[in-house]
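Summary of structural features
Okay, here's what each chain looks like letter by letter:
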Amino acid sequence: MDLSALKRGISEMKKEKNALIVAHNYQIDEIQEIADIVGDSLALSRYCAKTDFEIIVFCGVHFMAESAKILSPAKTVLLPEADAGCPMAEMVDAGGLREARRKYPGAAVVCYINSSAAVKAESDICCTSSNAVKVTSSMKEKDIIFVPDQNLANYVAKQLPEKNIIPWHGFCSTHHKVRKTDVEKARKAQPEAKVLVHPECRPEVVELADFTGSTKQIIDYAAKSKEKKFIIGTEMGVLYKLKKDNPDKQFYLLSQGLVCVNMKKTTLESVYYSLKEMRYKIEVDEAIRDKAYKALDRMLSIS
Ligand code: 13P
Ligand code: SF4
């Protein structure tokens, strides 16, 4: 099927089935073009929590679609590519987290939304990259077990010296690959450019940046800034919106390795078949969902 037939088919099925297509900022350009909503993890969670559509086609990775299902259990949530996962979300499991709780009694658990429903269910509250500092500072406990991203944990610890952050050992292989030398090289090549990075980058990379934030915060920062050149330290999918919204500005990817293969799995064809065959449905065990919901809802209520 050619591209225009796929787009036509998607648009017809969307109307017929009362479906909403949401996409993360890292999705391929064609998916961002046809999506009803494009955003970061927080914006998409918020949207899915309140939408009236009966079907949500989630173009992203598994934990994102699962979070939508946790927040909207009566809806059908579809992930177009069954094996689009986030390797970092697999770096912590519920058993390991229970063990950490035993090791640090009295500590609260803040869990990055990049985690499974079972891990969310064992946590006191969730956070995303855009609200991690605010969420953590809202906790009355001084000791905070922060899972699973060590780099986001370090970023939060720097902003909140009054807290004792106990970082998990997870990381995002896409962002963790970026090194200090990449920033130095990029700055040398484009000395006037501002460096904008995601907090999943290593602390020494964050240290050298002009701004650190979620995908949406990076996009917003570049749009509002009077500067004309930006070095982008997050997954290359954000370049679509950055270039589209700011034709007078220049964007350079901090490292050519900033590609998340899982985010790139979803294609127009997979969205078409997802709607046609109602695949792949996300299901969450009700006992786990109920507890995971509390952690997500607590986050949404404070940020
Ligand atoms: P954002 O919430 O910033 O969009 O990030 C999600 C993610 O997976 C980053 O790698
Ligand atoms: Fe997971 Fe990293 Fe991909 Fe984000 S970029 S979905 S953290 S693997």
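Provided above is the structure to which this section pertains.
Residues numbered from 1 in each chain as written. Chains lettered and ligands numbered in written order. Predicted model: local features only at pLDDT ≥ 70, side-chain atom pairs only at ≥ 80, totals over all residues. Heavy atoms only, no water.

**Focus on the overall build of the chain**
Note the following rule: The helix count covers DSSP runs of H or I at least four residues long, the strand count covers runs of E at least two residues long, and both are numbered beginning at the N terminus. Throughout, radius of gyration means the C-alpha value; the globule benchmark is 2.2 Å times the number of residues raised to the power 0.38. Here, two residues are considered to be in contact whenever any of their heavy atoms come within 4.5 Å of each other. Under the convention used here, a 1.4 Å probe and the Shrake-Rupley method define accessible areas, while residue burial counts only the protein chains that appear. Charge assignment in this entry is limited to Lys and Arg as positive and Asp and Glu as negative, and neither His nor the chain termini are counted. Note that the charge is assigned to NZ on lysines, CZ on arginines, CG on aspartates and CD on glutamates.
Regarding its fold elements, the chain presents 15 helices and 12 strands. Scaling as 2.2 N^0.38, a compact globule of 303 residues should have a C-alpha radius of gyration of about 19 Å, and the chain matches this with 19 Å. Considering only C-alpha atoms, the chain reaches an extent of 55 × 50 × 30 Å along its principal axes. Within the chain, contacts between residues at least 6 apart in sequence are counted, and of these 62% link residues at least 24 apart. As displayed, the chain offers around 13200 Å² of accessible surface, 50% of which is attributable to carbon and sulfur atoms. Within the chain, one finds 45 positive and 41 negative side-chain charges whose respective centroids are separated by 4 Å.

**Remarks on the sheet that holds strand S2 (residues 37-39)**
The condition that has to hold: A pair of strands is considered paired only if DSSP assigns at least 2 bridges between the two. Helix axes use the C-alpha atoms of the stretch in contact, all axes being lines fitted to C-alpha atoms, and the angles between their N-to-C directions lie in the range 0 to 180 degrees.
Here four strands make up an open sheet; going across it, the order is S2-S1-S3-S4 and the pairing parallel. In the strand order of this sheet, the two ends are held by S2 and strand S4 (76-78), each with one partner. Between one strand axis and the next, the sheet turns through 20 degrees on average, direction left out of account. As paired elements, strand S1 (residues 19-24) and S2 share three bridges and run parallel to each other. Its bridge partner lying in S2, Ala-23 is registered against Val-38. Taken strand by strand, helix H14 (residues 268-277) contacts S1, strand S3 (55-59) and S4, and its axis lies near 155 degrees from that of S3.

**Describing the layout of surface pockets**
Rules: Using a grid of 1 Å spacing that covers the protein atoms alone, one calls a set of points a cavity when a 1.4 Å probe fits there but cannot get out, and a pocket when the set is open and has protein on both sides within 12 Å along at least five of seven lines; lining residues are those with an atom within 4 Å of a point. Grid points are joined across faces, edges and corners, and a volume is the space filled by probe spheres set on the points. The residue classification treats Ala, Val, Leu, Ile, Met, Phe, Trp, Tyr, Cys and Pro as nonpolar and Asp, Glu, Lys and Arg as charged. All others, Gly included, are polar.
Empty space within the largest pocket amounts to approximately 330 Å³. As for the largest pocket, its lining consists of 29 residues, and the residues nearest its centre are Tyr-26, Asn-114, Cys-172, Glu-200 and Cys-260. For the lining of the largest pocket, the secondary structure elements donating two or more residues are helix H4 (62-71) and helix H9 (173-176). Broken down by class, the residue content of the lining of the largest pocket amounts to 15 nonpolar, 11 polar and three charged.

**Some details on the site of ligand 2**
To keep it simple, the criterion reads: We define proximity as follows: a residue is near a molecule or strand when any one of its heavy atoms falls within 4 Å of that partner. Just a note on the criterion: a molecule sits in a pocket or cavity if more than half of its atoms are within 2 Å of the grid points.
The environment of ligand 2 is made up of Tyr-26, Val-61, Cys-86, Pro-87, Met-88, Asn-114, Cys-172, His-175, Glu-200, Cys-260 and Met-263. Given that more than half its atoms are within 2 Å of the pocket grid, ligand 2 belongs to the largest pocket. Counted by class, the shell around ligand 2 contains eight nonpolar, two polar and one charged residues.

**Let's talk about the site of ligand 1**
For clarity, the cut-off: Two N or O atoms form a polar contact when they lie within 3.5 Å of each other; inside protein one atom must be a possible hydrogen donor and the other a possible acceptor, and for residues adjacent in sequence the pair counts only when both atoms belong to side chains.
His-24, Tyr-26, Asp-40, Ser-41, Asn-114, Ser-129, His-175, His-198, Glu-200, Ser-214 and Thr-215 make up every residue found near ligand 1. In the model, an oxygen atom of ligand 1 is placed 2.8 Å from a nitrogen or oxygen of the Ser-129 side chain. Contact distances for ligand 1 include 2.6 Å between an oxygen atom and a side-chain N or O atom of Thr-215. When ligand 1 sits alone it has 300 Å² of accessible area, and the protein chains cover 96% of it.

**Thoughts on the nonpolar core**
The nonpolar side chains of soluble globular proteins are, as a tendency, buried together. The cut-off we apply is this: Definition used in this section: a nonpolar core is a set of buried Ala, Val, Leu, Ile, Met, Phe, Trp, Tyr and Cys residues joined via side-chain atoms within 4.5 Å. Accessibility here uses a 1.4 Å probe with only protein chains present; expressed as a share of the type maximum, an area under 20% marks a residue as buried, one over 50% as exposed, and anything in between as partly exposed.
Core analysis: the largest hydrophobic core is formed by 86 residues, its most contacted members being Phe-58, Phe-146, Val-147, Ile-232 and Leu-254. Core analysis: the next-biggest nonpolar cluster, separate from the first, contains 17 residues, Met-13, Ile-34, Cys-59 and Val-271 among them.

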